[in-house]
Amino acid sequence: MLLDLREIIGVPGGKVSFDFEPDMSNAISGSIVQIRKPARAAGNVTNTAGVLTFSANVDVICDCVCARCLKEFEYPIHKQISANLTEGGEGENPDGYFLQGDKVDADEIVSTEFILDLSDTILCTKDCAGLCQHCGADLNVKQCDCKKAIDPRLEVLCQLLDE
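Here is what the cut-offs are and how they apply
Residues numbered from 1 in each chain as written. Predicted model: local features only at pLDDT ≥ 70, side-chain atom pairs only at ≥ 80, totals over all residues. Heavy atoms only, no water. Helix = DSSP H or I, 4+ residues; strand = E, 2+ residues; numbered from the N terminus. Rg over C-alpha atoms; globule rule 2.2 N^0.38 Å. Buried < 20%, exposed > 50% of the residue type's maximum accessible area, 1.4 Å probe, protein only. Contact = heavy atoms within 4.5 Å. Phe/Tyr/Trp six-rings, centres within 6.5 Å; stacked < 30°, edge-to-face > 60°. Pairing = 2+ DSSP bridges. Polar contact = N/O pair within 3.5 Å; in protein donor to acceptor, adjacent residues only side chain to side chain. Patch = residues over 30% accessible without salt bridge, like charges linked within 9 Å, V, L, I, M, F, W, Y side chains within 5 Å. Areas by Shrake-Rupley, 256 points an atom, 1.4 Å probe, with all protein chains shown as cover. Salt bridge = Lys/Arg side-chain N within 4 Å of Asp/Glu carboxyl O. Core = buried A, V, L, I, M, F, W, Y, C linked by side-chain atoms within 4.5 Å. Axes fitted to C-alpha atoms, helices over the stretch in contact; angles between N-to-C directions.

Engineer: What is the right way to read the overall build of the protein from this model?
Structural biologist: Counting its secondary structure elements, the protein contains two helices and seven strands. Taken from the N to the C terminus, the helices and strands of the protein come in the order β-β-β-β-β-β-β-α-α. Computed over C-alpha atoms, the radius of gyration of the protein comes to 24 Å, more than 25% over the 15 Å expected from 2.2 N^0.38 for 163 residues, which places it beyond the range of a compact globule. Once the C-alpha set of the protein is aligned to its principal axes, its extents read approximately 80 × 35 × 25 Å. Counting every position in the protein, which comprises 163 residues, the buried fraction comes to 34%. When contacts within the protein are restricted to residue pairs at least 6 apart in sequence, long-range pairs at least 24 apart make up 57% of them.

Next up, the structure:
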């Protein structure tokens, strides 16, 4: 979605509001299997003393796979996004987004900032026990009977504990 910022570019204190369904198709990565539609992004672009600031609240519901136990689960995500907008060519401001004339691509900002702010590991619960690395049992459901492997360098100490 291209936002027209012509009204506020030269007007300090000006504001353009938006509320749309961003294209999040490129946000599928890592533990995210699918993004359920509709995602929602609402916010505004504000001109504060000549600096254009893009801010939005983004709400997305994702179908994910737990990074520890591999269960599929629904994961609602709420992100607050903020970015600076600048005029100019490539390479001048690596921390901001460039205007395309007097417009800005809101889909690009929302999806890029969403991906950059995601955790590397998404878990079904914060205390997920995962899978046994020997037999593959789901340790959230039951404890397995596998014995923990003992480092051969420490076997002598284990013998002392057995006595």
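Engineer: Sorry, what's going on with the packing of aromatic side chains here?
Structural biologist: The description of an aromatic ring pair uses the distance of the two centres, along with the angle that the planes make with each other. On inspection of all chains with the given rule, the structure shows three aromatic pairs. Here F18 and F54 contribute two aromatic rings whose centre-to-centre distance is 5.0 Å and whose plane-to-plane angle is 15°, an arrangement assigned as stacked. Of the two residues, F18 is situated in strand 2 (residues 15-20) and F54 in strand 4 (residues 51-65); the sequence distance between them amounts to 36 residues. Pair check on accessibility: F18 and F54 agree, each one buried.

Engineer: So what exactly am I meant to see when it comes to the pairing of strand 2 here?
Structural biologist: Along a regular strand, successive side chains alternate from one face of the sheet to the other. Going residue by residue along strand 2, you find V16, F18 and F20 tucked away on one face and K15, S17 and D19 left uncovered on the opposite face. Where strand 2 meets strand 3 (residues 32-48), six bridges bridge the pair, whose relative direction is antiparallel. Bridging from a neighbouring strand, F20 pairs with A41 of strand 3.

Engineer: I tried to follow unusual backbone geometry on my own but got confused; where do I start?
Structural biologist: Among all residues except glycine, the phi angle is most often negative; among peptide bonds, the trans geometry is most common. One non-glycine residue, L70, adopts positive backbone phi at about 70°. Following the sequence through the fold, L70 ends up in the loop between strand 4 and strand 5 (72-86). By relative accessible area, which is 57% here, L70 ends up exposed.

Engineer: What exactly am I supposed to notice about helix 1 (residues 106-116) here?
Structural biologist: At 3.6 residues per turn, the α-helix brings residues three or four places apart onto the same side. What helix 1 keeps buried is the set A106, D107, I109, V110, S111 and F114. The distance from a side-chain oxygen at the start of helix 1 to the backbone nitrogen of D107 is 3.2 Å, and the residue carrying that oxygen is D105.

Engineer: What is the right way to read the environment of M1 from this model?
Structural biologist: Structurally, the position occupied by M1 is in the segment before strand 1 (2-4). Separated by 28 residues in sequence, M1 and S29 place their C-alpha atoms 22 Å apart. M1 has contacts with F18, F20, V104, D105, A106 and D107, leaving out every residue within four places of it along the chain.

Engineer: Explanation requested: a nonpolar patch on the surface in the structure shown.
Structural biologist: A surface patch of nonpolar side chains, amounting to about 380 Å² of accessible area, comprises I150, L154, L157 and L160. Tracing the chain through its elements places I150 in the loop between helix 1 and helix 2 (155-162).

Engineer: What's the story with the nonpolar core in this structure? I'm lost.
Structural biologist: Soluble globular proteins tend to bury their nonpolar side chains together. Counting residues in hydrophobic clusters, the biggest one holds 38 residues, and the most contacted among them are L5, V45, F54, L85 and F114. Listed by contribution, the elements that provide at least two residues to this core are strand 2, strand 3, strand 4, strand 5 and helix 1. Among the elements that take part in this core, strand 4 stands out by supplying seven residues, more than any other. F54 has contacts with L3, F18, N44, V45, I81, S82, A83, L85, A106, I109 and V110, leaving out every residue within four places of it along the chain.

Engineer: I would appreciate a short explanation of the sheet that holds strand 5 in the present structure.
Structural biologist: Note on sheets: strands pair through backbone hydrogen bonds, and any given pair is parallel or antiparallel. Reading across the sheet, the five strands line up as 2-3-4-5-6 and stay open at both edges, with mixed pairing between neighbours. Strands at the two margins of the open sheet, each flanked by one partner only, are strand 2 and strand 6 (96-98). For this sheet, the mean angle separating the axes of adjacent strands, direction not counted, is 25°. In this sheet, strand 4 lies alongside strand 3 in antiparallel orientation, the contact comprising 13 bridges. Of the residues in strand 4, the one forming a bridge with T46 is T53.

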